[in-house]
Amino acid sequence: MFQRNFVFGTAAVTASDLYCPDKGYGFVTEENRKEQESLQLPELNAGFDTLYWYRDVRLSEIREDEKGCFLDSEGRVRSLEAEAGEAFPGERGRIPLIFKADVPNQGNYKVTVAIRTEESAGEILIFTGCRRLGFLGKLPGFLPGEVSFTRSMTVNVCDIVPRGRTDSFENKSINIAIAADRPRISSICVEEISCPTLYIAGDSTVTDQSAEYPYTPGTCYSGWGQMLPAFLDERIAVSNHSHSGLTTDSFRSEGHYGIVRRFIRPGDFYFMQFGHNDQKLQELKAEEGYRENLLRYIKECRDAGVHPVIVTPLARNTWKGNDGTYNDLLAEYAAACLEVGEQEGVPVLDLHGRSMEFIRRKGLEAAKPYFHPDDYTHSNDYGAYLFAGMVAEEILRVCGEHSRSAYRFLADCVTGGPGSWEPPEKIVMPRKPKIYENMRNPEEGVPLLSEVKNPDVPANRAAVLDMLIKTARFFPTNVYNDMFTDVVGHEWYAGAVECAYQNGMIEESLVEEGHFFPEREVTLEEFLMFAVNAYKSRKMLPAESPCAYDERCMEFSRSFVRGACAIGLIDRDGSEELSRVISVGEAVELCRRMRI
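So, a few notes on the structure that sits alongside this text. (Residues numbered from 1 in each chain as written. Predicted model: local features only at pLDDT ≥ 70, side-chain atom pairs only at ≥ 80, totals over all residues. Heavy atoms only, no water.)

### Observations regarding the overall build of the protein
For the protein, the count of helices and strands is 15 helices and 19 strands. Scaling as 2.2 N^0.38, a compact globule of 596 residues should have a C-alpha radius of gyration of about 25 Å, and the protein matches this with 25 Å. For the protein, the C-alpha atoms occupy an extent of roughly 75 × 60 × 45 Å along the three principal directions. The buried share of the protein, reckoned over its 596 residues, is 58%. Element-wise, carbon and sulfur atoms account for 46% of the exposed surface of the protein, whose accessible area totals about 24600 Å². (Helix = DSSP H or I, 4+ residues; strand = E, 2+ residues; numbered from the N terminus. Rg over C-alpha atoms; globule rule 2.2 N^0.38 Å. Buried < 20%, exposed > 50% of the residue type's maximum accessible area, 1.4 Å probe, protein only. Areas by Shrake-Rupley, 256 points an atom, 1.4 Å probe, with all protein chains shown as cover.)

Below, the structure is given as structure tokens:
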């Protein structure tokens, strides 16, 4: 069995040892990430990258001494503030210390991280893989003299389909990221082991989300699946194959399930949490296609000697504007999970009920710090950690009493977790310093009007969807599932139509007998329907109220026009002509006005 030890500092691995495939190990910094394309895919790496305005700035200044390699993260952030001439808002950001080591095979590994120091590092987070939390806490002691800390974690290495890609990518590397005021590594031992694996299938509320740094836990997206390892002991590994936008259907059709089937073994566990995207599709109603897909997964798991577990969908922080009561948008899907579980004798972890109870108790405003700012569906690191803890408690409650010993073993693997991790009262997004005001986000999909080649030509549906997908920061896809008879898979816009369809942007009223008409010119009224649906996926609309356009728009578009008025997409005085065709330039400016 493979085993390798890395000792850091002046005697062995030094601060100048940056990762490259030929060497097979080393630190990952802004320098080599920029040069090596393989280091730019979050799912195959540590899941960290710089805020875009720092893409040409050296942030990771790694040093070494006789006790190992380290970063002065706090000091570097303070120097960035001094250079900018202003204090950064919100939480103090941290620069992670990232190390990568190749391994010979996919599978499970015991990774032991040792830290020797005489300095306080404050709160420490140790992530493995694509930002899966392995440890959260403070180093013990901090009495005068050296403190020695060792933490062992079980890590799964598995192939994966990265977001925005259609093919499986081979993965044979261990990634360790340490976030602290002064992150340090003294040694790492990587040892190949044999143990059960918990595979996770799900959507964006479960997936391994990447983060930007200087890292602040409240301002990055996070799925509960990437926080679950912190609540499990070394006898089991987690392999998270969830992705944004997936349904019980597309998890299979886009190749993710194929990877799981290739690596999963008898005695392993298969967790599934879907619903957020299934509910947008007519063929995946809770008691119809959704239920049938759950049953199919259960049968296939049992045929392979794998233990299925259903997780009810995470509740959203959604409330009714008219009376202020909680608005449960996923009740039917949670109920279907519970019914299927009872029918099939499969454990059901009621995350929906637990999370909804928490959100209702907290209320709309007090629950917001657990979600990404201005988002009512997707949690940040604090929320994902909280919800992973709920999943762990449900494992104890449900699996601990199950008749099958395998499920009781899973419950035995649950630990008490690292303890409470509370967010600040208000989450503040990072703000680009004035000295970088001319630095544009290279991933920002909507161009400046001055960059548009033909701003005066009429905009068509395909072009508008492409703009709005990038505005809403949906993950594009190259897969097209033939939902419209007039959208051909090899056309450039097929992926945009698929992404828009999966994210609920296309209203049935705009589809005629299975035709979408991707090259049809877009009226302002139609644009608002697409745009408001995109907006709703990321932010909560203000409460609906009458507007000056109520008698001048189509009945089926009235709520969308009202929403567009409320968020400032169109003038509220009724002066816009909704039936006119808009130009590409106008579509660009409307997208930039959305501020998602």
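Still more to cover.
### Considerations on unusual backbone geometry
With an omega of 10 degrees, the peptide bond between Tyr 213 and Pro 214 qualifies as cis. Even without being glycine, Arg 131 reaches a positive phi, approximately 65 degrees. Assignment of secondary structure puts Arg 131 in the loop between strand S8 (123-128) and strand S9 (132-138). The phi angle at Glu 513 is positive, at roughly 50 degrees, despite the residue not being glycine.

### Some details on the packing of aromatic side chains
Following the criterion strictly, the structure yields 31 aromatic pairs and no others. Summarising the aromatic geometry, the rings of Phe 231 and Tyr 385 are spaced 5.1 Å apart at their centres and angled 40 degrees between planes, so their arrangement reads as tilted. Separated by 154 residues along the polypeptide, Phe 231 in the loop between strand S15 (211-213) and strand S16 (237-240) and Tyr 385 in helix H9 (residues 381-399) bring together distant segments of the chain. By relative accessible area, Tyr 385 is classed as buried at 4%. Between Lys 23 and the ring centre of Tyr 25, over which it is positioned, the NZ or CZ distance is 5.7 Å. (Phe/Tyr/Trp six-rings, centres within 6.5 Å; stacked < 30°, edge-to-face > 60°. Lys NZ or Arg CZ within 6 Å of the ring centre and 35° of its normal.)

### Structural notes on the nonpolar core
Formed by 106 residues in total, the largest nonpolar core has its most connected members in Phe 27, Phe 99, Ile 188, Tyr 215, Trp 224 and Phe 271. In terms of residue count, H9 provides more of this core than any other element does, 11 residues in total. Those residues in contact with Phe 99, other than ones at most four positions away along the chain, are Phe 6, Phe 8, Val 13, Tyr 25, Gly 26, Phe 27, Ile 174, Asn 175, Ile 176, Ile 185 and Ile 188. (Core = buried A, V, L, I, M, F, W, Y, C linked by side-chain atoms within 4.5 Å. Contact = heavy atoms within 4.5 Å.)

### Comments concerning the packing of helix H5 (residues 286-303) against helix H6 (residues 331-344)
Between H5 and H6, the least distance of the axes is 10 Å, while the angle of their chain directions is 40 degrees. What the angle tells us is that H5 and H6 run oblique. When the axes of H5 and H6 are compared, the crossing they make is right-handed. The segment H5 lies against H6, with Ala 286, Glu 287, Tyr 290, Arg 291, Leu 294, Leu 295, Ile 298 and Arg 302 engaging Glu 332, Tyr 333, Ala 336, Cys 337, Glu 339, Val 340, Gln 343 and Glu 344. (Axes fitted to C-alpha atoms, helices over the stretch in contact; angles between N-to-C directions. Parallel < 35°, antiparallel > 145°, perpendicular 65-115°, else oblique. Left-handed = near helix turned anticlockwise from the far one by under 90°.)

### What to know about the pairing of strand S6 (residues 97-102)
Among the six residues that make up S6, five are buried, leaving the element largely enclosed by the rest of the structure. As defined by bridge partners, strand S2 (residues 25-27) adjoins S6 across three bridges and the pair is classed as antiparallel. From the neighbouring strand, Gly 26 faces S6, where its bridge partner is Lys 100. For S6 and strand S11 (residues 173-179), the ladder comprises six bridges, and the chain directions are antiparallel. Paired with Leu 97 across the bridge in S11 is Ile 178. (Pairing = 2+ DSSP bridges.)

### Some remarks on the sheet that holds S6
Ordered in space as S2-S6-S11-S8-S9, the five strands form an open sheet in which the pairing is antiparallel. For this open sheet the edge positions go to S2 and S9, each flanked by a neighbour on one side alone. Geometrically, the sheet is characterised by an average inter-axis angle of 15 degrees between neighbouring strands, direction not taken into account.

### Section: the side chain of Asn 380
Tracing the sequence through the fold places Asn 380 in the loop between helix H8 (364-367) and H9. Look past the residues within four positions of Asn 380 in its chain and what remains in contact with it is Pro 217, Gly 218, Cys 220, Ser 222, Pro 369, Tyr 370, Phe 371, His 372 and Ile 427.

### Side note on helix H11 (residues 461-471)
H11 sits mainly inside the fold: nine of its 11 residues count as buried. Listed in full, the buried residues belonging to H11 are Arg 461, Ala 462, Ala 463, Val 464, Leu 465, Met 467, Leu 468, Ile 469 and Thr 471. For H11, the N-terminal cap is Asn 460; the gap from its side-chain oxygen to the backbone nitrogen of Ala 462 is 3.2 Å. Remark: Arg 473 follows H11 within two positions and exhibits a positive phi of approximately 60 degrees. (Polar contact = N/O pair within 3.5 Å; in protein donor to acceptor, adjacent residues only side chain to side chain.)

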